[in-house]
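Inside the fold
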Amino acid sequence: MLNLLKSWLKNSLMAILLITIFLGITTAGWTPSSSAALPSGNAITDGKALLRYALPIDNKPVRQLQGSLEDISAQLRANRRWGAISKDISQASRILDKPSQILTSVPAERQPQAEAWITELKSGVGKLQELANSKDKEQILQERTKLLNLVTQLEESMVKQFPFEVPAEYSNLPQLKGRATVEIKTNKGDLALVVDGYSAPVTAGNFVDLVNRGFYNGLEFTRSEESYFLQTGDPAGKDVGFIDPKTGKYRAIPLEVLVQGDKAPTYGITLEEAGRYVDMPVLPFSAFGAVVMARPESEVNGGSSQFFFFLFEPELTPAGRNLLDGRYAVFGYLTEGREVLDKLKAGDKIESAKVVQGIENLVESQAA
């Protein structure tokens, strides 16, 4: 099952180069407007940032606040451009000076907490400016991370309802109507990941349901390839996926991809097969630790329990429309434990997996 990436990707490198030349590779000219759209320009390679942009919200000031804070890291990597960093901080400060523009997207019952977060953000941005004045790179990065965590909470508070209806034909499958955080303990250390039901409710719901059942406890990582992927979820015995005890049948999960600008995911067809060659998924293959549903190459709706972590290598699978986007379903990103994931290989083991946040967003499957 799923002779996944090694030979296919190597044989596809020339195709990637040709497509890159043909399309111009940048997202600026192709990305449609959407409340969940990524900003144009260089592809984002941070999973937490991708999760923020994937939230189904439409508040321009908070997106500008997020972008200003995220840009600080890029400026620090670019020979510490302190003038640009100060500009980012000043823009963040100006946005926070007009809290009503942010609060307008927050439901009334959540506004007191949102106001507290904004006050904390104002204080943190002031501290950030002091750190920039002293050019303390490490402290700037730490403070920026704290502030972006607050921005995440603020943006999550803006989500008023689940943004679309999942097709009735998938009501027999569990669905995640929101997000969940999963902690995975391995023999080499701990991982944390966030799965996104706003973008992939069926795929994420299946995964959270299996974690909650204890399905992954004790399973080995069965396939790995450096700079490509690390796969698990194959149960012991002849079965290659989850057999639902209620039906005695293999639980098959459809390919599910939400495209930027679309109101709901596309099911059961790759973007290539749909002729959508230049469309970008809301959850792209552009971050180390993308969490992806595995499936047989020949069966687009054949996924079940097996999943893989994508080990992003920009030279082989460049961020921003590589050949994996739209062929497989990303449904979350690693948020903690990058150094652990980097060490895991085939033969290592999941000791336990647990849903630590968001289990209330899981909707049980209905009778078929």
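As the structure is a prediction and not an experimental result, all values here were calculated from the model.

Thresholds, definitions, all that
- Residues numbered from 1 in each chain as written.
- Predicted model: local features only at pLDDT ≥ 70, side-chain atom pairs only at ≥ 80, totals over all residues.
- Heavy atoms only, no water.
- Helix = DSSP H or I, 4+ residues; strand = E, 2+ residues; numbered from the N terminus.
- Buried < 20%, exposed > 50% of the residue type's maximum accessible area, 1.4 Å probe, protein only.
- Contact = heavy atoms within 4.5 Å.
- Areas by Shrake-Rupley, 256 points an atom, 1.4 Å probe, with all protein chains shown as cover.
- Pairing = 2+ DSSP bridges.
- 1 Å grid on protein atoms, 1.4 Å probe; cavity = no way out; pocket = protein on both sides within 12 Å on 5 of 7 lines; lining within 4 Å.
- Points joined across faces, edges and corners; volume = space filled by probe spheres on them.
- Nonpolar A, V, L, I, M, F, W, Y, C, P; charged D, E, K, R; others polar.
- Phe/Tyr/Trp six-rings, centres within 6.5 Å; stacked < 30°, edge-to-face > 60°.
- Lys NZ or Arg CZ within 6 Å of the ring centre and 35° of its normal.
- Core = buried A, V, L, I, M, F, W, Y, C linked by side-chain atoms within 4.5 Å.
- Axes fitted to C-alpha atoms, helices over the stretch in contact; angles between N-to-C directions.
- Parallel < 35°, antiparallel > 145°, perpendicular 65-115°, else oblique.
- Left-handed = near helix turned anticlockwise from the far one by under 90°.

As a further point, take the overall build of the protein chain. Within the protein chain one finds nine helices and 14 strands. Taken over 368 residues, the protein chain has a buried fraction of 51%. Sequence-distant contacts, at least 24 apart, represent 72% of the contacts inside the protein chain between residues at least 6 apart. Total accessible area on the protein chain stands at roughly 16,700 Å², and carbon and sulfur atoms take up 47% of it.

Another point: the pairing of strand β4 (residues 221–225). Alignment of β4 against strand β5 (residues 229–232), held across four bridges, turns out to be antiparallel. Bridged to R223 within β5 is Q231.

Moving on, we come to empty space enclosed by the protein. With a probe scaled to a water molecule rolled over the atoms, the places where space remains empty come into view. Tallied over the entire structure, the rule returns three cavities of 30 Å³ or more. What the second largest cavity holds in volume is close to 70 Å³. Of the residues contributing to the lining of the second largest cavity, the split by class is nine nonpolar, two polar and one charged.

All told, the structure shown has 14 aromatic pairs when counted by the stated rule. A centroid spacing of 5.8 Å and a plane angle of 90 degrees characterise the contact between F215 and F242, whose relative ring orientation is edge-to-face. With F215 in the loop between α8 (201–213) and β4 and F242 in the loop between β5 and β6 (243–244), this pair connects stretches of sequence that are 27 residues apart. Between F229 and F308, the aromatic rings sit 6.2 Å apart at their centres with planes inclined by 75 degrees, giving edge-to-face as the arrangement. Residue F229 is located in strand β5, and its partner F308 is located in strand β11 (residues 307–310); the two are separated by 79 residues in the primary sequence. You can call F229 buried: its relative accessible area is 5%. For F308, a relative accessible area of 0% corresponds to the buried category. Put simply, the rings of F207, F215, Y216, F242, F307, F309 and F331 pair up and form one aromatic cluster. Taking NZ or CZ as reference, K177 lies 5.1 Å from the ring centre of F162, over its face. Above the ring of F288, the side-chain terminus of R338 is found at 4.2 Å from the ring centroid.

Formed by 99 residues in total, the largest nonpolar core has its most connected members in L69, V195, F207, Y216, F309, F331 and L341. Looking at which element gives the most residues to this core, the answer is helix α6 (residues 111–134), with eight residues. The residues contacting L341, other than those within four sequence positions of it, are L191, L230, F288, G289, F309, L311 and L334.

Bringing the packing of helix α4 (residues 82–96) against α6 into the picture now. The N-to-C vectors of α4 and α6 enclose an angle of 160 degrees; their axes lie 10 Å apart at closest approach. One finds that α4 runs roughly antiparallel with respect to α6. By crossing handedness, the relation of α4 to α6 is classed as left-handed. Along the contact surface, α4 presents W82, I85, S86, I89, S90, A92, S93 and L96, while α6 presents I118, L121, K122, V125, L128, Q129 and A132. Considering only residue class, the contact of α4 with α6 consists of 10 nonpolar, four polar and one charged.

Here we take up unusual backbone geometry. Positive phi is not limited to glycine here, since K135 has a value of about 55 degrees. With respect to the element layout, K135 can be found in the loop between α6 and α7 (137–156). Residue K135 is classed as partly exposed on the basis of its relative accessible area of 49%. With a phi angle near 70 degrees, S227 is a residue other than glycine that sits in the positive phi range. The class of S227 is partly exposed, set by a relative accessible area of 25%.

Coordinates in, geometry out; function isn't part of it.
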